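Spelled out, the chains give:
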Amino acid sequence: MRFSKYFIPTQKENSSDAKIKSHILMIKSGMIKQEASGIYSWLPVGFRIIQKIIKVIEKFHELAGVNQILMPTIQSAEIWKKSNRYHTYGKEMLRITDRHEKELLYGPTNEEMITLLAKSFIKSYKNLPRYFYHIQSKFRDEIRPRFGVMRAREFLMKDAYSFDLNKKKGEETYLMFFKLYLKIFKELGIKVIPVRAPAGEIGGNLSHEFHMIVESGESEIYIDESLESMDFNNYSIDDVMSIKSYTDEFYNENKITMSLKKFKSIELGHIFLFGDKYSKSFDFFIDAEKGKFLPFMGSYGIGVSRIPAALIEGSDKKDGVIWPVNVSPFRAVILNLDKKSDLVEKFCDNMYSRFIEDGIDIFYDDRDERPGIKFSDADLLGIPFVIIIGKNYLKKKSVTIINKYSDEEIEIPESDAVNKIKKLIKLHD
RNA sequence: CGGGGAGUAGCGCAGCCUGGUAGCGCAUCUGUUUUGGGAACAGAGGGUCGCAGGUUCAAAUCCUGUCUCCCCGACCA
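Now for a quick tour of the structure. (Residues numbered from 1 in each chain as written. Chains lettered and ligands numbered in written order. Predicted model: local features only at pLDDT ≥ 70, side-chain atom pairs only at ≥ 80, totals over all residues. Heavy atoms only, no water.)

Looking now at the packing of helix α1 (residues 21–28) against helix α10 (residues 307–314). Remark: α1 packs on α10, axes separated minimally by 8 Å, with the N-to-C direction vectors making an angle of 115°. Accordingly, the angle class assigned to the pair α1 and α10 is roughly perpendicular. By crossing handedness, the relation of α1 to α10 is classed as right-handed. Note on element contacts: α10 touches α1 through Pro-308, Ala-309, Ile-312 and Glu-313, opposite Lys-21, Ser-22, Leu-25 and Met-26. Here the residues of the contact of α1 with α10 are counted per class, giving five nonpolar, one polar and two charged. (Axes fitted to C-alpha atoms, helices over the stretch in contact; angles between N-to-C directions. Helix = DSSP H or I, 4+ residues; strand = E, 2+ residues; numbered from the N terminus. Parallel < 35°, antiparallel > 145°, perpendicular 65-115°, else oblique. Left-handed = near helix turned anticlockwise from the far one by under 90°. Contact = heavy atoms within 4.5 Å. Nonpolar A, V, L, I, M, F, W, Y, C, P; charged D, E, K, R; others polar.)

Turning next to the packing of aromatic side chains. What describes a pair of aromatic rings is the distance from one ring centre to the other and the angle between the planes of the rings. Throughout the structure, instances matching the rule amount to 22 aromatic pairs. Centre to centre, the rings of Phe-178 and Phe-210 are 5.5 Å apart; their planes meet at 55°, and the pair counts as tilted. Placement of the pair is Phe-178 in helix α6 (residues 167–187) and Phe-210 in strand β10 (residues 206–213), with a sequence separation of 32 residues. The class for Phe-178 is buried, based on a relative accessible area of 0%. Geometrically, the ring pair formed by Tyr-352 and Tyr-364 is tilted, given 5.2 Å between the ring centres and 40° between the ring planes. Within this pair, whereas Tyr-352 is found in helix α11 (residues 342–357), its partner Tyr-364 is found in strand β18 (residues 362–365), the two being separated by twelve residues in sequence. Among the residues examined, Tyr-364 registers a relative accessible area of 0% and is labelled buried. Each residue in the set Phe-178, Tyr-181, Phe-185, Phe-210, Phe-232 and Tyr-235 is aromatic and connected to the rest through ring pairs, giving one cluster. (Phe/Tyr/Trp six-rings, centres within 6.5 Å; stacked < 30°, edge-to-face > 60°. Buried < 20%, exposed > 50% of the residue type's maximum accessible area, 1.4 Å probe, protein only.)

Strand order in the open sheet made by the three strands is β4-β6-β5, with antiparallel pairing throughout. What marks the edges here is a single partner per strand, and that holds for β4 (74–76) and β5 (94–97). Mean inter-strand twist for the sheet, computed between neighbouring axes without regard to direction, equals 35°. Here β4 runs beside strand β6 (residues 103–106); their pairing, made up of three bridges, is antiparallel. (Pairing = 2+ DSSP bridges.)

The tally for this structure, following the rule as stated, stands at 27 salt bridges. Residues Arg-153 and Asp-141 are paired through a salt bridge, measuring 3.0 Å at the closest nitrogen-oxygen approach. Here the residue Arg-153 occupies a position in the loop between β7 (130–139) and β8 (154–164), and Asp-141 occupies one in the loop between β7 and β8, the gap between them amounting to twelve residues. Judged by its relative accessible area of 18%, Arg-153 falls in the buried class. Look at Asp-141 and you get partly exposed, because its relative accessible area is 24%. Members of the salt-bridge network, linked through shared partners, are Glu-142, Arg-146, Arg-151 and Glu-218. (Salt bridge = Lys/Arg side-chain N within 4 Å of Asp/Glu carboxyl O.)

Moving on: α6. Under the 1.5 Å per step criterion, the end-to-end length of α6 is 30 Å for 21 residues, consistent within 8% with the ideal 30 Å. A distance of 3.2 Å separates the backbone nitrogen of Lys-168 from a side-chain oxygen at the start of α6, and that oxygen is part of Asn-166. Just past α6, the residue Gly-189 takes up positive phi, approximately 75°. (Expected span 1.5 Å × (residues − 1). Polar contact = N/O pair within 3.5 Å; in protein donor to acceptor, adjacent residues only side chain to side chain.)

Our next topic: the packing of helix α2 (residues 44–63) against α6. Two elements in contact, α2 and α6, have axes separated by 10 Å at closest approach and are oriented at 145°. As for the relative orientation of α2 and α6, their crossing is right-handed in sense. Judged by residue contacts, Val-56, Ile-57, Lys-59, Phe-60 and His-61 of α2 engage Phe-177, Leu-180, Lys-183, Ile-184 and Glu-187 from α6. Residues of the contact of α2 with α6, tallied by class, amount to six nonpolar, one polar and three charged.

This brings us to the pairing of strand β19 (residues 385–389). For β19, a buried count of five out of five residues is recorded, marking the element as mostly surrounded by other parts of the structure. Side chains Phe-385, Ile-387 and Ile-389 of β19 all project onto a buried face; the interleaved residues Val-386 and Ile-388 project onto the opposite face, where all are buried too. As paired elements, strand β17 (residues 332–336) and β19 share five bridges and run parallel to each other. Each residue of the ladder has a partner; that of Ile-334, found in β19, is Ile-387. With four bridges joining them, β19 and strand β20 (residues 398–403) adopt antiparallel strand pairing. The residue of β20 that forms the bridge with Ile-388 is Thr-400.

Functional significance is not addressed by these values, which are geometric in nature.
As structure tokens, then:
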């Protein structure tokens, strides 16, 4: 993408509404625009980052045999009355009435709907297990939205739902998602810690949240620090159930007394195994070899639109961010620092085409702007590799590459530049 | 919902106390000179002061109502 064709409404000054690093930066770098309290539009750069995150999520769900669907955001109140959550969910649920006075709501989650969806198609035990997910806007009417997309009312969420034969199979699925989540967050460049959580409104008795530890986080977790570097690959369901890290709620409710370290954190994922709570509410019986049974269910959420903010909060860079390669809006950026020179222009155009041909998502600052502006915009956007073409190219046919992860600046012959960038991307992949 | 703060040009703010019809910085536009880390000079455009009432000869300014946004708390898959 050429900068000249890309809409990035950056701001020089901080918005007076934004108080935390991620919110300030997201507005400053033209990622988001607020529409109402807790409701945001995603602008090109911001949405591009969201799409990168979605791509990673989709890749891993696909590999695990989880089928992507798309359910509506508007649901009928009726189904929530049936599960008895219409009244218990409270004011956080946005209720709407249509022109026929039919009660509707903007979905805060989709257990009811997916259960009915599955019920209408799945009739035999031979059809299990089935896993579905979708990535969709949710609305929860928070009393006080804050910190930009961190605690928004409308937000993008990935929610998956599983249907299994029985408890044992359900637990295997739960374990699969547990490990799947760790892989996804790893690929997104986020260090998360799984913590035991109470099941809350969803119901059931097995639940974990995935938290990123950061001082500016709104959540509090108590963790066994050995878990920070734990490899969970060989964990069994029993191991997972006995993890000695907890959300503050779980910690308090269960009056846990062991000495654990308390951290501030951001909740990015939440998984539940709730069994037949919803299949029961909707009389979702499936034929077994003999007789029938209620499928064993679980649900698995990731707060997609919260992830960019979390990454910024978690970044070491003061007042800024350097995106992990898989999340970065672009893999690298080419800066043409000498718009006057046809030679430089030609070389930049050429290099840009080569990256494009190789399928590398490259950004090209082809604007007629001063170098300082190009450097600071590249910083603001947090693109990890910056390729500088200007006077060194004219003088000695060399280009400069800045690796933002290591803060290294290297000057290399022009012919090696494309390969060098490819290597750097691969190294950080 | 309780407590606090704020709505004046695209963004950040001053002006309000003490009423006289709006100003600064950044951004934008034009021109010239600049150009390896947010350039300099010269000129220009842009605001029914959140909205609605009221007081007054006169309201951004005083009064009343209302809407919106932010912060702290309670709330929260």
